[in-house]
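# Structure at a glance
Here is what each chain is made of, one letter per residue.
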Amino acid sequence: MSFGQGGPQSQWDPWKPQSQQPWNGGGGQSPDWAALAEASEARHKRRRVLLIGGGALATVAIGTAVAVAVVSAGGDNKGNPASLPSSEIPSQSASAPSFAPTSAPPPLDPKDFIASAKKDKAPLSPETLFPGTQLTVGETVYKKGPTADTRNCASAAGGTLAKILTGNDCTRLIRVTYVKDGIAVTVGVAVFDTEAQAAKAKGQTTKKSFVKSLSGGGVKAFCESGFCRTTSNAYGRYAYFTNAGFTSGKDVTTKDTEVFATGDNLQQFTFNQIRRRGEAQASAAADE
């Protein structure tokens with residue numbers, strides 16, 4: 001005889017509380033342990049998925065809160081991205097300091113110190129202008145003869161030069177003579193208060209304007225008559241003249257190149273001495 005429960009057999013679901021597990025106390029069919037294990041594993045997987053998903057949502061929420069806190073920091077400019085510090089590095093040219101160009105002061109002009117009596121204060125005498133006992137130009141040696149120094153400029157001038165010097169207020173006339181092989185030359189340096197006066201005096205000279213030759217001290221008289229070679233120039237407040245000829249009294253002609261060379265050498269030497277006078281005073285002023 002068989003015994004039935006009456007009605008359809010119920011299905012047992014281990015996850016449903018109301019379901020009933022069939023049991024056969026008489027050594028009937030045993031529980032399906034494999035199905036139970038699979039169901040338990042499925043349940044654990046679902047729990048892990050829920051935990052991971054919840055953690056991700058929590059991380060996003062925390063990150064959002066931090067970002068909002070950073071953007072909101074900064075006082076009155078809350079939430080304004082423009083108020084945040086710039087991430088750009090300023091270029092070097094934008095921050096590099098600029099300096100005004102500098103230059104060394106211009107050197108002192110030596111001519112300024114011999115252009116007027118107010119600045120030309122160095123000692124002046126025949127010895128300072130024409131030092132020593134001889135002059136060497138290249139391989140030529142000139143012996144130094146007599147010197148003279150006068151405040152009466154007209155007394156040492158010949159021809160029209162006397163009037164020119166007086167008219168331009170010449171204050172002093174220094175002379176010196178050099179000689180070599182029968183050729184002599186007298187150099188005369190006229191001193192004025194200003195450069196303009198010296199330039200004007202030089203500009204008024206002609207072939208009939210000359211400084212008187214200076215003889216003595218072993219130098220025979222020359223250029224007291226006849227023809228000699230004369231020159232005139234000016235530099236600063238000084239006008240300077242040469243009168244060259246033969247100590248024998250012979251007239252000078254254009255063929256007498258040695259006379260011309262002697263006059264040119266002494267003319268150049270005199271210019272150099274006047275210029276050195278200005279250079280020395282300019283150098284002394286620069287060192288003060």
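Below or above, wherever it landed, is the structure these notes cover. (Residues numbered from 1 in each chain as written. Predicted model: local features only at pLDDT ≥ 70, side-chain atom pairs only at ≥ 80, totals over all residues. Heavy atoms only, no water.)

### Description of the side chain of R229
Within the secondary structure layout, R229 lies in strand 7 (residues 229–235). Polar contacts involving the side chain of R229 include one to the main-chain carbonyl oxygen of F260, which spans 3.2 Å. Setting aside residues no more than four positions away along its own chain, R229 makes contact with T242, N243, A244, V252, V259, F260, G263 and D264. (Helix = DSSP H or I, 4+ residues; strand = E, 2+ residues; numbered from the N terminus. Polar contact = N/O pair within 3.5 Å; in protein donor to acceptor, adjacent residues only side chain to side chain. Contact = heavy atoms within 4.5 Å.)

### Some words on unusual backbone geometry
A negative phi holds for most residues other than glycine; trans holds for most peptide bonds. A positive phi angle is found at D169, which is not glycine, with a value near 60 degrees. With respect to the helices and strands, the residue D169 is situated in the loop between helix 4 (161–167) and strand 4 (172–180). At C223, a residue that is not glycine, the phi angle is positive and equals roughly 55 degrees. Note that C223 resides in the loop between strand 6 (209–211) and strand 7. Residue class for C223 comes out buried when judged on its relative accessible area of 14%. (Buried < 20%, exposed > 50% of the residue type's maximum accessible area, 1.4 Å probe, protein only.)

### Section: the sheet that holds strand 7
The strands that make up a sheet pair up through hydrogen bonds in the backbone, lying either parallel or antiparallel. Taken in spatial order, the 6 strands make up an open sheet running 1-2-4-5-8-7, and their pairing is antiparallel. Among the strands making up the open sheet, the edge pair consists of strand 1 (134–137) and strand 7. When strand polarity is set aside, the average angle formed by the axes of neighbouring strands in this sheet is 25 degrees. Relative to strand 8 (residues 238–246), strand 5 (residues 183–191) is paired through 9 bridges, and the arrangement is antiparallel. Looking at strand 8, one finds that A190 is bridged to A239. Together, strand 7 and strand 8 form the strand contacts of helix 5 (residues 195–204), whose direction differs from that of strand 7 by roughly 155 degrees. Sheet strands touched by helix 6 (residues 257–286): strand 1, strand 2 (140–150), strand 4, strand 5, strand 7 and strand 8. Its angle to strand 8, the strand with the most contacts, is close to 155 degrees. (Pairing = 2+ DSSP bridges. Axes fitted to C-alpha atoms, helices over the stretch in contact; angles between N-to-C directions.)

### Some thoughts on the packing of aromatic side chains
One pass over the structure, following the stated rule, counts 2 aromatic pairs. For the pair F130 and F269, a centre-to-centre distance of 6.2 Å together with 45 degrees between the ring planes defines the contact as tilted. Of this pair, F130 sits in the loop between helix 3 (126–129) and strand 1 while F269 sits in helix 6; the two residues are 139 residues apart in sequence, bridging distant segments of the chain. Judged by centre distance (4.8 Å) and plane angle (70 degrees), the ring pair of Y235 and F271 falls under edge-to-face. With a gap of 36 residues between them, Y235 in strand 7 and F271 in helix 6 connect regions that are remote in the sequence. Classification of Y235 as buried rests on a relative accessible area of 16%. Across from the ring centre of F113, 4.2 Å away, lies the NZ or CZ of K119, which sits over that ring. Geometry around F246 places K250 over its ring, the cationic atom sitting 4.3 Å from the centre. (Phe/Tyr/Trp six-rings, centres within 6.5 Å; stacked < 30°, edge-to-face > 60°. Lys NZ or Arg CZ within 6 Å of the ring centre and 35° of its normal.)

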